[in-house]
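# Structural characterization, general
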Amino acid sequence: MNQRAEPRFLAEVYVKANDGGKERMLRTRDVSPRGMFLHPRNPTVYEFTVGTTLKLALYDYDRFVSCHGVIVRQVAQGSLENADYPVGYGVRITEIDDPNRALLGEMFQAGEAAN
């Protein structure tokens with residue numbers, strides 16, 4: 001049963017994620033006003049772990065959304081969870097200002113609802 005506070009929308013955008021030391025490019029699978037699921041470029045290399053705080057920039061053509069988040073879930077390749085879910089990271093948005101929140105809403109507003 002889905003108990004999310006906000007609906008998720010399928011949206012594939014590129015995300016620059018920085019933990020203060022490493023900066024990696026990932027992409028989203030889905031996005032909501034409170035978080036997102038990110039795919040790593042190489043599913044066998046896990047650069048971040050649960051609890052890692054990130055500075056994020058989500059890119060949509062000529063504009064981007066800036067926010068901060070924390071990794072709250074990691075689906076590792078070959079794990080039991082990976083049988084039902086793709087490899088990647090669940091990220092909760094912890095800090096986003098109003099203009100960036102509005103732009104985030106515009107970016108996924110036209111997207112297809114995710115389960």
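Here's a quick rundown of the structure.

About the thresholds
Residues numbered from 1 in each chain as written. Predicted model: local features only at pLDDT ≥ 70, side-chain atom pairs only at ≥ 80, totals over all residues. Heavy atoms only, no water. Helix = DSSP H or I, 4+ residues; strand = E, 2+ residues; numbered from the N terminus. Contact = heavy atoms within 4.5 Å. Areas by Shrake-Rupley, 256 points an atom, 1.4 Å probe, with all protein chains shown as cover. Core = buried A, V, L, I, M, F, W, Y, C linked by side-chain atoms within 4.5 Å. Buried < 20%, exposed > 50% of the residue type's maximum accessible area, 1.4 Å probe, protein only. 1 Å grid on protein atoms, 1.4 Å probe; cavity = no way out; pocket = protein on both sides within 12 Å on 5 of 7 lines; lining within 4 Å. Points joined across faces, edges and corners; volume = space filled by probe spheres on them. Nonpolar A, V, L, I, M, F, W, Y, C, P; charged D, E, K, R; others polar. Salt bridge = Lys/Arg side-chain N within 4 Å of Asp/Glu carboxyl O.

Turning our eyes to something else, we now look at the overall build of the protein. The number of helices and strands found in the protein is one helix and seven strands. When contacts within the protein are restricted to residue pairs at least 6 apart in sequence, those whose partners lie at least 24 apart make up 55%. If you sum the accessible surface of the protein, you get close to 7,000 Å²; carbon and sulfur atoms cover 49% of it.

Below, the discussion takes up the nonpolar core. In terms of nonpolar packing, the biggest core is built from 24 residues, with M36, L56, L58 and L104 touching the most fellow members. Among the elements of the structure, strand 2 (14-18), strand 3 (23-32), strand 4 (35-39), strand 5 (53-60), strand 6 (63-75), strand 7 (88-95) and helix 1 (98-109) are those that each provide at least two residues to this core. It is helix 1 that contributes the most residues to this core, four residues altogether. Apart from residues no more than four positions distant in its own chain, L104 is found in contact with V31, S32, P33, L58, V65, I93 and I96.

Applying the stated criterion across every chain, the model contains one cavity of 30 Å³ or more. Reported here for the largest cavity is a volume of approximately 40 Å³. For the largest cavity, the full set of lining residues is A11, V13, V31, L58, L104, M107 and F108. A total of three residues in the lining of the largest cavity trace back to one element, the largest contributor, which is helix 1. Taken together, the residues of the lining of the largest cavity sort by class into seven nonpolar, no polar and no charged.

So, on to the pattern of salt bridges. Per the stated rule, a full pass over the model turns up five salt bridges. Among the ionic pairs, R29 bridges to D30, the shortest N-O distance being 2.8 Å. Here D60 ties to R63 by a salt bridge, and the two come within 3.0 Å at their closest N and O atoms. Classification of D60 by relative accessible area gives buried; the value is 14%.

Worth remembering: the numbers are spatial, not functional.
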